[in-house]
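If you want the building blocks of each chain, they are given just below.
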Amino acid sequence: IYSNKKTSKMDQDWTPVVIQKTTKQKVAGLSSAHAVAAQKMAGVMETEKKIGVGNKSAHSAGGAGMKKLEDSTEEFKHNTVNQNLSKSITQARIAKKLTQKELATMINEKPQIIQEYESGKAIPNPQIINKLDRALGIHLPRGKK
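Scope of this entry: the structure provided in the associated data block. Keep in mind that this is a model prediction, so the values were computed, not measured.

**Remarks on the side chain of R93**
In step 1: Note on placement: R93 falls in helix α5 (residues 83-95).
In step 2: Residue class for R93 comes out buried when judged on its relative accessible area of 11%.
In step 3: Here R93 is in contact with L98, T99, Q100, L103, E118 and L136, once residues within four sequence places are set aside.

**Brief notes about the packing of α5 against helix α8 (residues 126-136)**
In step 1: Two numbers describe how α5 lies on α8: the axes approach to 10 Å, and their chain directions differ by 30°. By the criterion of interaxial angle, the relationship of α5 to α8 is roughly parallel. Between α5 and α8 the crossing geometry is left-handed. Contacts between α5 and α8 involve L85, I89, A92 and R93 from the first element and I129, L132 and L136 from the second.
In step 2: In terms of residue class, the contact of α5 with α8 is made up of 6 nonpolar, no polar and 1 charged.

**Considering the side chain of E118**
In step 1: Tracing the chain through its elements places E118 in helix α7 (residues 111-119).
In step 2: Side chain to side chain, E118 and Q100 meet in a polar contact 2.7 Å long.
In step 3: Among residues more than four places away in sequence, those in contact with E118 are S86, I89, T90, R93 and Q100.

**As for the nonpolar core**
Most often, soluble globular proteins keep nonpolar side chains buried together rather than apart.
In step 1: Judged by nonpolar contacts, the single largest core of 17 residues is most densely connected at I89, L103, Y117 and L132.
In step 2: For this core, the elements supplying multiple residues, two or more each, are α5, α6 (100-106), α7 and α8.
In step 3: The element contributing the most residues to this core is α8, with 5 residues.
In step 4: With sequence-adjacent residues up to four places away left out, I89 is seen in contact with Y117, E118, L132, L136 and L140.

**So, α7**
In step 1: Considered for burial, the residues of α7 that qualify are I114, Y117 and E118. The buried residues of α7 occupy an angular sector of 95° when the element is viewed end-on, so they sit on one face.
In step 2: G120, located one to two residues past α7, shows a positive phi value of around 85°.

**Brief notes about the pattern of salt bridges**
In step 1: Tallied over the full model, the rule gives 3 salt bridges.
In step 2: Between R93 and E118 there is a salt bridge; the shortest N-O distance is 2.5 Å. Linking R93 in helix α5 with E118 in helix α7, this pair joins segments that are 25 residues apart in sequence. Of the two residues, R93 and E118, both sit in the buried class.
In step 3: Put simply, R142 and D133 hold a salt bridge, and the shortest N to O gap is 2.8 Å.
In step 4: Residue classification places R142 among the partly exposed positions, given a relative accessible area of 38%.
In step 5: The buried category is assigned to D133, whose relative accessible area is 10%.

Definitions and cut-offs
- Residues numbered from 1 in each chain as written.
- Predicted model: local features only at pLDDT ≥ 70, side-chain atom pairs only at ≥ 80, totals over all residues.
- Heavy atoms only, no water.
- Helix = DSSP H or I, 4+ residues; strand = E, 2+ residues; numbered from the N terminus.
- Buried < 20%, exposed > 50% of the residue type's maximum accessible area, 1.4 Å probe, protein only.
- Contact = heavy atoms within 4.5 Å.
- Axes fitted to C-alpha atoms, helices over the stretch in contact; angles between N-to-C directions.
- Parallel < 35°, antiparallel > 145°, perpendicular 65-115°, else oblique.
- Left-handed = near helix turned anticlockwise from the far one by under 90°.
- Nonpolar A, V, L, I, M, F, W, Y, C, P; charged D, E, K, R; others polar.
- Polar contact = N/O pair within 3.5 Å; in protein donor to acceptor, adjacent residues only side chain to side chain.
- Core = buried A, V, L, I, M, F, W, Y, C linked by side-chain atoms within 4.5 Å.
- Arc of directions from axis to C-beta.
- Salt bridge = Lys/Arg side-chain N within 4 Å of Asp/Glu carboxyl O.

Laid out in structure tokens, this is it:
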């Protein structure tokens, strides 16, 4: 397969190849004001006006909507666990002589979750409440839907 004969197919060409940009490409690559002007004159670059782009007034155009949003008096906050449920969880846990950490381990949750439910700060999650039902052996009161 390998021979000492030099064939033109197996030879490597080690002569350097120099690639140069055309004048149009050189002008297009420059970032000075003169280059931009040259591009426009040569027809390489065109400018077009885009409506609402880069204009401060375009971003504040929702003035009426923003005013309505600011004037609204609604308070948005998450529903939290009611006191009835939090007290029931605490009483059932104490009756079973469990710590918050032990109860959390039983239902595969973090102890902070139990703490949040017992303090009434948690956002009610039906899956966690069902786990607590099974672990504590009671039916916990559900909030209104």
